Amino acid sequence: MPDDDDKLARIIEARLKLRERFLDKIEATPSLADGAPMGSGPTNRHGMPQLPPDQYETKKWPVLDLGMKPQVPTSRWSLTVDGEVARAVTLAWNELLALEQLEDVSDFHCVTKWSKLNMRWRGVRLADVLALAEPTDGARFLMCHAHDGYTVNLPIEEALKPDVLLVHTVDGEPLAVEHGGPCRVITPQLYAWKGAKWVKRIELMGDDRLGFWEERGYSSTAYPWRNDRYS
Ligand SMILES: Nc1nc2c(c(=O)[nH]1)N[C@H]1C(S)=C(S)[C@@H](COP(=O)(O)O)O[C@H]1N2
Ligand SMILES: [Mo]
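Residues numbered from 1 in each chain as written. Chains lettered and ligands numbered in written order. Predicted model: local features only at pLDDT ≥ 70, side-chain atom pairs only at ≥ 80, totals over all residues. Heavy atoms only, no water.

Turning our attention to the overall build of the protein. Across its full length, the protein holds seven helices and 13 strands. What you see for the protein is a C-alpha radius of gyration of 17 Å, in line with the 17 Å of a compact globule of 231 residues. Taken along the three principal axes of its C-alpha coordinates, the protein extends 50 × 40 × 35 Å. For the protein, buried positions account for 52% of its 231 residues. Accessible area for the protein stands at about 10,900 Å²; split by element, carbon and sulfur atoms hold 51% of it. Treating the 29 positive side-chain charges of the protein as one cloud and the 35 negative ones as another, the clouds have centres 4 Å apart. (Helix = DSSP H or I, 4+ residues; strand = E, 2+ residues; numbered from the N terminus. Rg over C-alpha atoms; globule rule 2.2 N^0.38 Å. Buried < 20%, exposed > 50% of the residue type's maximum accessible area, 1.4 Å probe, protein only. Areas by Shrake-Rupley, 256 points an atom, 1.4 Å probe, with all protein chains shown as cover. Lys, Arg positive; Asp, Glu negative; His and termini not counted. Charge placed at Lys NZ, Arg CZ, Asp CG, Glu CD.)

And the structure:
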């Protein structure tokens, strides 16, 4: 339908503009600017060693969180993007599914040293959802808030990476509640704690604040190929 096509075109344009605004910062991030990334194994799809330093591969997918497993049915699900934005946006489940859906294969590196490789995700670019809300000129960071009270901060230039997704499906199955279903964030270029399970709100910020683990001594930048675990 032409209306839907218009909407899609507008989102793509807004995403490209946002990316353009942050391009210098994106290109200076360690995952793109690192001449000698640490780690071992064959090269991954981004030219990095498949296993960052001190990581080992696991085939299982462990569960790591604060212990609560909030049950959020899709009928009551929503995601709000607010703070340093021109227009705060709240998406319902059907509105999330109406955005462009992407499939992407990426790896998951937990700071407790396990890595799960080649996970096949389906979801929406975080960049698209941010673009919808039109971050103000002063916006530089974001805080993801989750239903279990978890928070995690990210610089916008990391949130705009193409494989940072809001995912609802993994390996063809709906994302299980214990892994953050119905919808979570993934940040393949950073340690996995940077991806909020059960995400409910994304707050754009002018100045950085620390999230749950960052307040407890973990690194704000969390870059696996530099063994960047603690601040
Ligand atoms: N809402 C929420 N998100 C969270 C966490 C949490 O406790 N609550 N834990 C983080 C940590 S420390 C990791 S390693 C990953 C683990 O994801 P998994 O349980 O799906 O393996 O989720 C991250 N996202
Ligand atoms: Mo973790």
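Right, let's talk about the layout of surface pockets for a bit. Roughly 400 Å³ of volume is contained in the largest pocket. Lining the largest pocket we find 24 residues, and of these L64, D65, Y150, W193 and W213 sit closest to its centre. In the lining of the largest pocket, the residues fall into 17 nonpolar, three polar and four charged. Taken as a whole, the second largest pocket spans an internal volume of roughly 340 Å³. What lines the second largest pocket is simply K7, R10, I11, E13, A14, K17, L18, R21, R87, A131, L132 and E134. The set of elements that each furnish at least two residues to the lining of the second largest pocket consists of α1 (2-21) and α5 (126-133). Top contributing element to the lining of the second largest pocket by residue count: α1, with eight residues. Here the residues of the lining of the second largest pocket sort into five nonpolar, no polar and seven charged. (1 Å grid on protein atoms, 1.4 Å probe; cavity = no way out; pocket = protein on both sides within 12 Å on 5 of 7 lines; lining within 4 Å. Points joined across faces, edges and corners; volume = space filled by probe spheres on them. Nonpolar A, V, L, I, M, F, W, Y, C, P; charged D, E, K, R; others polar.)

Let us look at the site of ligand 1. Around ligand 1 there are 21 residues in total, and P62, D148, H179, R184 and K197 lie nearest to it. A distance of 3.0 Å separates an oxygen atom of ligand 1 from a polar side-chain atom of W61. Here L64 contributes a backbone N or O atom positioned 2.8 Å from an oxygen atom of ligand 1. Compared with its free state, where it exposes 530 Å², ligand 1 has 97% of that area covered by protein. The residue inventory of the shell around ligand 1, partitioned by class, reads 15 nonpolar, two polar and four charged. (Near = heavy atom within 4 Å. Polar contact = N/O pair within 3.5 Å; in protein donor to acceptor, adjacent residues only side chain to side chain.)

The next subject is a negative patch on the surface. On the surface, a cluster of negative charge is contributed by D3, D4, D5 and D6. Counting through the fold element by element, D5 comes out in helix α1. (Patch = residues over 30% accessible without salt bridge, like charges linked within 9 Å, V, L, I, M, F, W, Y side chains within 5 Å. Salt bridge = Lys/Arg side-chain N within 4 Å of Asp/Glu carboxyl O.)

To continue, consider α1. Between its first and last C-alpha, α1 extends 29 Å over 20 residues, near the 28 Å set by a 1.5 Å rise per residue. Within the sequence span of α1, burial applies to I11, R15 and L18. Seen from one end, α1 has its buried residues packed into an arc of 65°, which puts them on one side. Opposite the packed face of α1, turned more than 90 degrees from it, sit the exposed residues P2, R10, K17 and E20. (Expected span 1.5 Å × (residues − 1). Arc of directions from axis to C-beta.)

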